[in-house]
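Analysis of the macromolecular model
Here's the letter readout for the chains.
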Amino acid sequence: QLYLVESGGGLVQPGGSLRPSCVASLSGFSDYYMGWYRQAPGKPRELVVGITNDGSTNYADSVKGRFTIYRNDAKNTVYIQMNSLKPEVTDVYYCNAQRRTEGWNYVDYWGQGTQVTVTS
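Figured I'd write up the structure that's included with this text. Computed from a prediction, not measured in an experiment: that's the story for all the values here.

Bringing the overall build of the protein into the picture now. Helix and strand content of the protein: 0 helices and 11 strands. Helices and strands appear in the protein in the N-to-C order β-β-β-β-β-β-β-β-β-β-β. The C-alpha radius of gyration computed for the protein amounts to 14 Å, which stays within 12% of the reference 14 Å derived for 120 residues, consistent with globular compactness. With respect to the three principal axes, the spread of C-alpha positions in the protein is 45 × 30 × 25 Å. When each of the 120 residues of the protein is scored for burial, the buried share is 38%. When contacts within the protein are restricted to residue pairs at least 6 apart in sequence, long-range pairs at least 24 apart make up 53% of them. If you sum the accessible surface of the protein, you get close to 6600 Å²; carbon and sulfur atoms cover 45% of it. Across the protein, the 11 positively charged side chains and the 10 negatively charged ones have centroids separated by 5 Å.

Moving on, we come to the environment of Thr 68. Structurally, Thr 68 is set in strand S7 (residues 67-72). For Thr 68, a relative accessible area of 38% translates into the label partly exposed. Measuring from C-alpha to C-alpha, the distance between Thr 68 and Ile 80 comes to 5.5 Å, with 12 residues separating the pair along the chain. Setting aside chain neighbours within four positions, we find Thr 68 in contact with Tyr 59, Tyr 79, Ile 80 and Gln 81.

Further remarks concern the side chain of Asn 96. Locating Asn 96 in the fold gives a position in strand S9 (residues 91-100). A polar atom in the side chain of Asn 96 sits 2.7 Å from the side chain of Asp 108.

The next subject is the sheet that holds S7. With antiparallel pairing, 4 strands are arranged side by side in an open sheet as S1-S3-S8-S7. Taken across any chain shown, the strands that pair with only one partner, and hence form the sheet edges, are strand S1 (4-7) and S7. Strand-to-strand twist in this sheet, taken as the mean axis angle between neighbours without regard to direction, amounts to 15°. In terms of strand pairing, strand S3 (residues 21-24) meets strand S8 (residues 77-82) through 3 bridges, oriented antiparallel. Along S8, the bridge assignment pairs Ser 21 with Tyr 79.

Scoring rules and cut-offs
Residues numbered from 1 in each chain as written. Predicted model: local features only at pLDDT ≥ 70, side-chain atom pairs only at ≥ 80, totals over all residues. Heavy atoms only, no water. Helix = DSSP H or I, 4+ residues; strand = E, 2+ residues; numbered from the N terminus. Rg over C-alpha atoms; globule rule 2.2 N^0.38 Å. Buried < 20%, exposed > 50% of the residue type's maximum accessible area, 1.4 Å probe, protein only. Contact = heavy atoms within 4.5 Å. Areas by Shrake-Rupley, 256 points an atom, 1.4 Å probe, with all protein chains shown as cover. Lys, Arg positive; Asp, Glu negative; His and termini not counted. Charge placed at Lys NZ, Arg CZ, Asp CG, Glu CD. Polar contact = N/O pair within 3.5 Å; in protein donor to acceptor, adjacent residues only side chain to side chain. Pairing = 2+ DSSP bridges. Axes fitted to C-alpha atoms, helices over the stretch in contact; angles between N-to-C directions.

In structure tokens, the structure reads:
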């Protein structure tokens, strides 16, 4: 079963913009921390930006000022606005949902990813 579905990636020229989205089939979506990660072939996934259930954000230094995460809890959706795109951000981007259960335990879900390619 797929709980997170990303869309909105694609091929764009340098300096262009994309706005990938992630739709979550999760009850109690507003209780989840959401995030966007990137992964290159043979590399571990890296955090791009996260957002808590109260709207607090945490951006990787490489995307500060260019990417913006936001969520619409009424639509169970999180977005990442990607502006001023550079070729070095080319990667597969994955949506993540995380919710604490008790103590330090949590549940963790991943989407299948959406390809972002920046090239002339």
